[in-house]
Amino acid sequence: MADWTDAEKSTISAVWGQVDINEVGPLALGRVLIVYPWTQRYFGSFGDVSTAAAIMGNPKVAAHGKVVCGALDKAVKNMGNILATYKSLSETHANKLFVDPDNFRVLADVLTIVIAAKFGAAFTPEIQATWQKFMKVVVAAMSSRYF
Amino acid sequence: MSLTAKDKSVVKAFWGKVSGKADVVGAEALGRMLTAYPQTKTYFSKWADLSPGSDPVKKHGAVIMGAIGNAVGLMDNLVGGLSALSDLHAFTLRVDPGNFKILSHNILVTLAIHFPRDFTPEVHIAVDKFLAALSAALADKYR
């Protein structure tokens, strides 16, 4: 779906290698549910998401954050083949979960912000650019089975 | 999605912390936008150097952030307060208003980097709403 230089591949692996999925996943998903409250519509069975504190303390939100980040791991490990890697996940989100695909971009942007907060100045503009290219490809692959 | 009284007070309080570093934040956000979203370079084609940290980027980043800082004081009437800037962007600069969202995202990334503890989810939503309202006001005169 996209061409990756060796430098880009190693940047993405390096960034991902420093991300603790169990920490960042819950932070990112929780932040999406707080900053874009309409996304809560997809998580009706998760229990109390009525306040920011409830969301960040909700164990189901945390568990699902880890699931989502775990799926990103597949993309990092299959960078030459992201479209095929996400074919069935895209179909599930399109045909069973009925998730508006705009949400993929929203989650990608919030994940970028959470990673930036963790890395600080080490998340340079150049590293951000490469990371966001990766996010764009992941979002496109997740959207690919919607039509 | 209009700004509530709580949004406005959260933004004002947070901007109290940001304003000391406003120039740095503005320069960095602009540099990040030009690097991560190269299509935005089209609006700055007259500059000799579009890299992060270059003189024109630093100077213009400070100008942008200064205007945003002013807008914090104009939250009760963003459309009126930004009318002249809207004319400028619409008819002179002719910036596609889709780019306001892109710059807003890079401002949020920069704020998260410089204020990791203060940029909580509650601050994030208020600042995101403020930047969206500002962007709408900036696009108000386009047609």
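Values in this document were obtained by computation on a predicted structure and should not be read as measured data. (Residues numbered from 1 in each chain as written. Chains lettered and ligands numbered in written order. Predicted model: local features only at pLDDT ≥ 70, side-chain atom pairs only at ≥ 80, totals over all residues. Heavy atoms only, no water.)

### Looking at the overall build of chain A
- When you go through chain A residue by residue, the secondary structure sums to eight helices and zero strands.
- Secondary structure elements in chain A, listed N-terminal to C-terminal, are α-α-α-α-α-α-α-α.
- Taken against the 2.2 N^0.38 rule, which gives 15 Å for 147 residues, the C-alpha radius of gyration of chain A at 15 Å falls within 12% of a compact globule.
- Its C-alpha atoms give chain A principal-axis dimensions of about 45 × 40 × 20 Å.
- Long-range pairs, those at least 24 residues apart, make up 73% of the contacts in chain A with a sequence separation of at least 6.
- Counting every atom, chain A has about 7,100 Å² of accessible surface; 58% of that belongs to carbon and sulfur.
- Distance between charge centroids for chain A: 6 Å, based on 14 positive and 12 negative side chains. (Helix = DSSP H or I, 4+ residues; strand = E, 2+ residues; numbered from the N terminus. Rg over C-alpha atoms; globule rule 2.2 N^0.38 Å. Contact = heavy atoms within 4.5 Å. Areas by Shrake-Rupley, 256 points an atom, 1.4 Å probe, with all protein chains shown as cover. Lys, Arg positive; Asp, Glu negative; His and termini not counted. Charge placed at Lys NZ, Arg CZ, Asp CG, Glu CD.)

### Quick notes on the environment of Met56 of chain A
- Here Met56 of chain A lies in helix 3 (residues 52-57).
- Looking at Met56 of chain A, the relative accessible area reads 36%, which means it is partly exposed.
- Taking the C-alpha atoms as reference points, Met56 of chain A and Thr5 of chain A, 51 residues apart in sequence, are found 37 Å from one another.
- When residues no more than four places from it in sequence are discounted, the contact partners of Met56 of chain A are Pro26, Leu27, Gly30, Arg31 and Ile34 of chain A together with Pro121 of chain B. (Buried < 20%, exposed > 50% of the residue type's maximum accessible area, 1.4 Å probe, protein only.)

### Some remarks on the UniProt feature "domain: Globin" (unreviewed entry) in chain B
- In the UniProt entry, the feature "domain: Globin" (unreviewed entry) is given for residues 2-143 of chain B.
- Overall, residues 2-143 of chain B shows 68% helix and 0% strand. The separation of its end C-alpha atoms is 21 Å. (UniProt positions renumbered as here; feature names shortened; annotations may be inferred.)

### Observations concerning helix 4 (residues 59-77) of chain A
Residues and elements named next belong to chain A.
- Along its 19 residues, helix 4 runs 28 Å from first to last C-alpha, staying within 8% of the 27 Å computed at 1.5 Å per residue.
- Turning to helix 4, its buried residues number three or more, namely Val61, Gly65, Cys69, Ala71, Leu72, Ala75 and Val76. The arc that holds the buried residues of helix 4, viewed along the axis, is 160°, so those residues lie on one side. In helix 4, the exposed positions that point more than 90 degrees away from the buried face belong to Pro59, Val67 and Lys77.
- At the N-terminal boundary of helix 4, the capping side chain belongs to Asn58, with an oxygen 2.8 Å from the backbone nitrogen of Lys60. (Expected span 1.5 Å × (residues − 1). Arc of directions from axis to C-beta. Polar contact = N/O pair within 3.5 Å; in protein donor to acceptor, adjacent residues only side chain to side chain.)

### Quick look at the UniProt feature "domain: Globin" (unreviewed entry) in chain A
- The UniProt record annotates "domain: Globin" (unreviewed entry) at residues 3-147 of chain A.
- End C-alpha to end C-alpha, residues 3-147 of chain A measures 24 Å, and it is 70% helix and 0% strand.

### Let's talk about the side chain of Asn103 of chain A
- You can see Asn103 of chain A is positioned in helix 7 (residues 102-119).
- Setting aside its immediate chain neighbours within four residues, Asn103 of chain A contacts Thr39 and Tyr42 of chain A.

### Re the interface of chain A and chain B
- The partner chain B presents 21 residues to the 24 residues of chain A that form the contact.
- When chain A packs against chain B, the two sides together hide about 1,800 Å² of surface, and 65% of this comes from carbon and sulfur.
- Run the count over chain A and chain B and you get zero salt bridges.
- Sorting elements by how many residues they give to the side of chain A that touches chain B places helix 7 of chain A first, with seven residues.
- Its residues assigned to classes, the side of chain A that touches chain B comprises 15 nonpolar, five polar and four charged. (Buried area = accessible area lost by both parts, 1.4 Å probe. Salt bridge = Lys/Arg side-chain N within 4 Å of Asp/Glu carboxyl O. Nonpolar A, V, L, I, M, F, W, Y, C, P; charged D, E, K, R; others polar.)

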